[in-house]
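Next come the chains, spelled out residue by residue.
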Amino acid sequence: MATVENIDPRKSGGRGRAAPGTPIGGGIEKSRLPLAEAWHLPGYIYESPELFALEKDKIYMKDWLAVARAEEIAAPGDFMTFEIVGEPIVVSRHKDGQLYAYYNSCAHRGVAVAAGRGNAAKFTCPYHAWTYDLSGKLLGAGFMDNVEGFDPETCRLRPVKLDVWEGWVFVNFDERAAPLAEFVAEFAGAFGRFGQGRFKLTGKMESTFDCNWKLINENFVDLYHFQTLHPTTLVNWPKPGSYPWTPMRHGGYATFYENNMPVLDSLRPLGPAPWLPDEIKAKPMFGGAGFLTPNFTTFVRPYSIAQIIVWPLGPNRTHLCQYITVPENYFDLAPDLMDRVKELHELMTIITEEDRPMIESLQKRVGTRGFKPGRLSTGEFLVHHYINDYLERMFGA
Ligand code: FES
Ligand SMILES: [Fe+2]
């Protein structure tokens, strides 16, 4: 069993710190107490390569993962490549109009058959020139005619499950995974009414952080820091004590509120998305936020939906994709749409850059001998919810 190494015994003693040689999962008991008694997690939770490998097995290789907007792969031949926690895949649209996902690993010896993104009629492996169509099926392979038992009809790039919810392309590495509709059902119960399938992308901002992926997820549900760190960028936000929220499975949640977000003033004259329910259309300051395991954070408004997806690159490195979408009718209504959303795009980056020094500083500390987890504030109720569901999922009840 993997154990926690290099843990200073002086830092153990019931404060959530694991003693040397403790199995992965040690030292977490005090984080599982009720919020008023709870401590933050031991440092190794955010930096252990062994735990990172376990997270990949238990979470990222099991859950449905949103990798792209369908509109990013709209035309036959469009494709995008991804490395999902080290697993290389292609998502493409075949000439039959269907989306497919498969490993980016040639069926001959495993070389990557596609790179980056683009539009292609077929993929040709650069090593021995086996060719594949955009559904991943083998089209041709030289000098394979007399190879016993080789069936070109069934030979293909190994498929990955794919489905679409509200314009989001999800993939799943687990062949036995329950359908996507089941996976998103609870989240869809809260956010499906926004009909995000009819929102279209105005921008996608990407950046990489020197920190563990969970620290970013925690940061997004940490209302406790809003007033300190974002006094001018997240104005008028509900205070932690007055935050109505609904917990969901695996650390998910949904919350809805009304507050003014001045950066949306340029979009308000275009009206709320026409398909929204009347009770939302009647509230121009309406907003909501939510989280879908393991990496999908949403902020909804009648005028725009922002989605942030967190991709673990390693125990200490995480890639962030921020998508801004607006109602599809805005593209006809406003020739100056890109000017109207410019400030909103910039704000998303400014907020994450305000967060960056805190999260990266925290990451640097969790591996040091001087680090000792502290108490949770009652303002960190969503962090408590998130880490407890994470612990339950990783280590059981
Ligand atoms: S590895 Fe692709 S054709 Fe040989
Ligand atoms: Fe923040």
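Anything mentioned here points back to the structure above.
Nothing here was measured: the structure is a model prediction, and the numbers come from that model. (Residues numbered from 1 in each chain as written. Chains lettered and ligands numbered in written order. Predicted model: local features only at pLDDT ≥ 70, side-chain atom pairs only at ≥ 80, totals over all residues. Heavy atoms only, no water.)

(A) Seen up close, the sheet that holds strand E14 (residues 286–292). Ordered by their spatial adjacency, 7 strands build an open sheet running E11-E17-E16-E15-E14-E13-E12, and the pairing between neighbours is antiparallel. Among the strands making up the open sheet, the edge pair consists of strand E11 (199–209) and strand E12 (245–247). Here the average twist between neighbouring strands, direction ignored, is 15°. In this fold helix H2 (residues 180–191) packs onto E12, strand E13 (253–258), E14 and strand E15 (296–300), with an angle of close to 170° to the strand it touches most, E14. (Pairing = 2+ DSSP bridges. Helix = DSSP H or I, 4+ residues; strand = E, 2+ residues; numbered from the N terminus. Axes fitted to C-alpha atoms, helices over the stretch in contact; angles between N-to-C directions. Contact = heavy atoms within 4.5 Å.)

(B) Highlighting the coordination of the iron ion (ligand 2). Those protein atoms acting as donors to the iron ion (ligand 2) are His225 (NE2), His230 (NE2), Asp355 (OD) and Asp355 (OD), and they sit at 2.0 to 2.6 Å. We note that the donor set of the iron ion (ligand 2) lies within a single chain, spaced as H-x4-H-x124-D. Of this pair, His230 sits in the loop between helix H4 (226–229) and E12 while Asp355 sits in helix H7 (residues 337–366), and the two are 125 residues apart along the sequence. Residue Asp355 is classed as buried on the basis of its relative accessible area, which comes to 3%. (Donors = N, O, S within 2.8 Å, 3.2 Å for Na, K, Ca; no water. Buried < 20%, exposed > 50% of the residue type's maximum accessible area, 1.4 Å probe, protein only.)

(C) Structural detail: the pattern of salt bridges. This model, assessed by the stated rule, comprises 17 salt bridges. The residue Asp278 makes a salt bridge to Lys281 at a minimum N-O spacing of 3.9 Å. Of this pair, Asp278 and Lys281 both sit in helix H5 (residues 278–281), 3 residues apart, which is roughly one turn of the helix. Judged by relative accessible area, Asp278 falls into the exposed class, the value being 60%. Among the ionic pairs, Asp336 bridges to Arg340, the shortest N-O distance being 2.8 Å. With relative accessibility at 32%, the residue Asp336 sits in the partly exposed group. Residue class for Arg340 comes out partly exposed when judged on its relative accessible area of 22%. (Salt bridge = Lys/Arg side-chain N within 4 Å of Asp/Glu carboxyl O.)

(D) View of the sheet that holds strand E9 (residues 159–165). Judged by pairing direction, the sheet is antiparallel, and its 7 strands sit side by side in the order E1-E10-E9-E4-E3-E2-E5 without closing on themselves. Edge strands, defined here as strands with exactly one partner in the open sheet, are strand E1 (65–69) and strand E5 (117–119). Ignoring which end each strand starts from, the neighbouring axes of this sheet average 25° apart. Note that strand E3 (residues 87–93) and strand E4 (residues 99–103) share 5 bridges and pair antiparallel. Residue pairing across strands places Ile89 opposite Tyr103, the latter belonging to E4. Across the face of the sheet, H2 comes into contact with E9 and strand E10 (168–172) while running at roughly 35° to E9.

(E) Region of interest: the environment of Val160. Among the secondary structure elements, Val160 is positioned in strand E9. By relative accessible area, Val160 is classed as buried at 8%. Distance in space between the C-alpha atoms of Val160 and Glu175 is 7.5 Å, their sequence separation being 15 residues. Leaving out residues up to four positions away in the same chain, Val160 has contacts with Ile89, Ala101, Tyr102, Tyr103, Val171, Asn172 and Phe173.

The quantities given are spatial measurements derived from coordinates; they are silent on function.
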